Amino acid sequence: MKIGILGMGGIGSFIGAKLTKNYENDPETDIIFICRNATKKAINQNGLTLITADETLTAKPFLTSDVPEEIGTLDMLILATKSFSLAQAIKTYQDCIKEDTVIIPLQNGVDAKDIIVKNLNHYNSNILEGCIYVASNIEKPGVVKHLGGPGKIVFGNTDEVDFKWIETILTTGGLQATYTKDIKTFLWKKYMFVSPVATMTSALNIPFGALVENAEYMRILENMMKEVKALANAFNVTITDQDIEAALGMLSNFPYQSKSSLQLDFENNSPQTEKYNLVDYVIEQGETFEITVDTYKDMNKKIIALYTA
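Residues numbered from 1 in each chain as written. Predicted model: local features only at pLDDT ≥ 70, side-chain atom pairs only at ≥ 80, totals over all residues. Heavy atoms only, no water.

Undergrad: What is the right way to read the side chain of Ser258 from this model?
TA: Relative to the assigned elements, Ser258 resides in the loop between helix 10 (241-250) and helix 11 (261-267). For Ser258, a relative accessible area of 16% puts it in the buried group. In this structure the side chain of Ser258 is engaged in a polar contact, spanning 2.9 Å, whose partner is the backbone oxygen of Pro255. Contacts of Ser258, omitting those with residues within four sequence positions, involve Pro207 and Phe208. (Helix = DSSP H or I, 4+ residues; strand = E, 2+ residues; numbered from the N terminus. Buried < 20%, exposed > 50% of the residue type's maximum accessible area, 1.4 Å probe, protein only. Polar contact = N/O pair within 3.5 Å; in protein donor to acceptor, adjacent residues only side chain to side chain. Contact = heavy atoms within 4.5 Å.)

Undergrad: What's the story with the pairing of strand 9 (residues 143-156) in this structure? I'm lost.
TA: In summary, the side chains of a regular strand alternate between the two faces of the sheet. One ladder, built from three bridges, connects strand 3 (residues 48-51) with strand 9; its direction is parallel. If you follow Leu50 over to strand 9, its bridge partner there is Val144. Here 10 bridges tie strand 8 (residues 129-140) to strand 9, and the two strands are oriented antiparallel to one another. Considered in strand 9, the bridge of Tyr133 is made with Lys152. Where strand 9 lies against strand 10 (residues 176-180), five bridges are found, and the strand directions are parallel. Paired with Ile153 across the strands is Ala177, a residue of strand 10. (Pairing = 2+ DSSP bridges.)

Undergrad: Could you clarify how one ought to interpret the packing of helix 7 (residues 183-204) against helix 13 (residues 294-307) in this entry?
TA: Any two packed helices are characterised by the angle at which their axes cross and by the distance between the axes. Contact pair helix 7 / helix 13: the axes reach a minimum separation of 8 Å and the direction vectors enclose 40°. Relative to helix 13, helix 7 is oriented oblique. Judged by the twist between their axes, the crossing of helix 7 over helix 13 is left-handed. Across from Ser195, Pro196, Thr199, Met200, Ser202, Ala203 and Leu204 in helix 7, the residues of helix 13 making contact are Tyr296, Met299, Lys302, Ile303, Leu306 and Tyr307. When the residues that make up the contact of helix 7 with helix 13 are grouped by side-chain class, the tally is nine nonpolar, three polar and one charged. (Axes fitted to C-alpha atoms, helices over the stretch in contact; angles between N-to-C directions. Parallel < 35°, antiparallel > 145°, perpendicular 65-115°, else oblique. Left-handed = near helix turned anticlockwise from the far one by under 90°. Nonpolar A, V, L, I, M, F, W, Y, C, P; charged D, E, K, R; others polar.)

Undergrad: Whenever I open this one, the sheet that holds strand 1 (residues 2-6) confuses me. Can you help?
TA: Across a sheet, paired strands are connected by hydrogen bonds in the backbone, their directions being either parallel or antiparallel. The sheet built from five strands is open, its strands ordered 5-2-1-6-7 with parallel pairing. In this open sheet, the two edge strands, each paired with only one partner strand, are strand 5 (63-65) and strand 7 (97-105). Across this sheet, the average inter-strand angle for adjacent strands is 25°, counted without regard to direction. Pairing between strand 1 and strand 2 (residues 30-34): five bridges, direction parallel. For Leu6, the partnering residue across the bridge sits in strand 2 and is Ile34.

Undergrad: Please clarify how the packing of aromatic side chains should be interpreted in this entry.
TA: Aromatic rings considered in pairs are described by the distance between their centres and by the relative angle of their planes. What the rule picks out here adds up to nine aromatic pairs. A centroid spacing of 4.3 Å and a plane angle of 10° characterise the contact between Phe266 and Tyr307, whose relative ring orientation is stacked. With Phe266 in helix 11 and Tyr307 in helix 13, this pair connects stretches of sequence that are 41 residues apart. Among the residues examined, Tyr307 registers a relative accessible area of 24% and is labelled partly exposed. One aromatic cluster is present, built from ring pairs that chain together Trp188, Tyr191, Phe235, Tyr281 and Phe289. Above the ring of Tyr133, the side-chain terminus of Lys190 is found at 5.7 Å from the ring centroid. (Phe/Tyr/Trp six-rings, centres within 6.5 Å; stacked < 30°, edge-to-face > 60°. Lys NZ or Arg CZ within 6 Å of the ring centre and 35° of its normal.)

Undergrad: Just checking my understanding: could you explain the nonpolar core for this structure?
TA: Grouped burial of nonpolar side chains is what soluble globular proteins tend to show. Core analysis: the biggest nonpolar cluster contains 44 residues, and Trp188, Tyr191, Leu221, Met225, Leu251 and Tyr296 have the highest contact counts within it. Those elements giving two or more residues to this core turn out to be helix 7, helix 8 (208-212), helix 9 (215-234), helix 10, helix 11, helix 12 (275-288) and helix 13. The greatest single-element share of this core, amounting to 11 residues, is contributed by helix 7. Residue contacts for Trp188: discarding those within four places in its chain leaves Val110, Val228, Leu231, Ala232, Phe235, Val237, Ile239 and Tyr281. (Core = buried A, V, L, I, M, F, W, Y, C linked by side-chain atoms within 4.5 Å.)

Undergrad: Help me out: how do you make sense of the side chain of Asp265 in this one?
TA: Tracing the chain through its elements places Asp265 in helix 11. On the basis of relative accessibility, which here comes to 12%, the residue Asp265 falls in the buried class. In this structure, Asp265 is in contact with Lys82, Ser270, Gln272 and Thr273, ignoring residues within four places of it in sequence.

Undergrad: Would you mind going over the pairing of strand 4 (residues 56-59) with me for this structure?
TA: Covered by surrounding structure in strand 4 are Leu57 and Ala59 only, the residues Thr56 and Thr58 on the alternate face being uncovered. The pairing of strand 3 with strand 4 spans four bridges and is classified as antiparallel. Paired with Ile51 across the strands is Thr56, a residue of strand 4. The hairpin turn running from strand 3 into strand 4, its antiparallel successor, is four residues long.

Undergrad: Would you explain the pattern of salt bridges in this entry?
TA: Pairing between side chains of opposite charge can happen when the charged atoms of each approach one another. All chains considered together, the criterion is met by 12 salt bridges. Between Glu267 and Lys259 there is a salt bridge, and its shortest N-O distance comes to 3.0 Å. (Salt bridge = Lys/Arg side-chain N within 4 Å of Asp/Glu carboxyl O.)

Undergrad: Whenever I open this one, unusual backbone geometry confuses me. Can you help?
TA: The phi angle of most residues is negative, glycine excepted, and most peptide bonds adopt the trans form. Here Asn236, not a glycine, exhibits a phi torsion of approximately 65°, which is positive. Its location among the elements puts Asn236 in the loop between helix 9 and helix 10. At Glu290, a residue that is not glycine, the phi angle is positive and equals roughly 55°. With respect to the helices, strands and loops of the structure, Glu290 is situated in the loop between helix 12 and helix 13. When its relative accessible area of 73% is taken as the criterion, Glu290 is described as exposed.

So far we have only geometry, and geometry alone does not tell us how the molecule works.
Next comes the structure, spelled out in structure tokens:
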């Protein structure tokens, strides 16, 4: 089996290091890292190092490449790019995807499958949906540090085809992975936390802790979560008030100075950010379904004023 991991940032490296280390003595399983430039060079020279609280491991994959002809066709493709890179990544690596290649996207949004279908030039019935609960950052090319979160992957589909066997492959590879037919609920529950928190921390330019200690900010955050809840319901996904309470409570589990990846991208003047997927998407879909998302609109104005002035 050939398993490709596209995007060797914090998430892709976390997954890739564990899979490679656990399958290093299995001649029937090849782990391929798809990346370029400094990351590709560093991994080819020294392997990929993952630093966790319990251990530091260095993994050397079967292949590290950004050339489709070298990679060849894959049996499984785990997509760990940022949301804004997903469409181009699919177009670039079309030739590595067979009709039965299992595709698992792990982006922050809720529309990754739609993006894949739109940009894949042939039919593929094995496009799943997924999310991961982990925080890990690149220390330098080829070295990644796991900062928090269980690293749990939840993936699945909603049609009749059973992909439970993928769960076995991932868990044998040292990952916490769960297959579910209720994947859309998991996607929207995560989105209900990630999107409002990323939007508010970016708009107000404050860390997580400053949200938690300010009652007014928490009230606004709750309103944003209610707007996402209403949007999820429009997509026939049930989010409850108890889910909102749980999401609000999660915020206090992070270190005070924690920042969202969207906020960090703004601070670092990154040429691309996930603003569309985490902010604009809610506003657009709110208009489509005639759902009030005024809190999102207010925060969006603050983001525009703060980072495009």
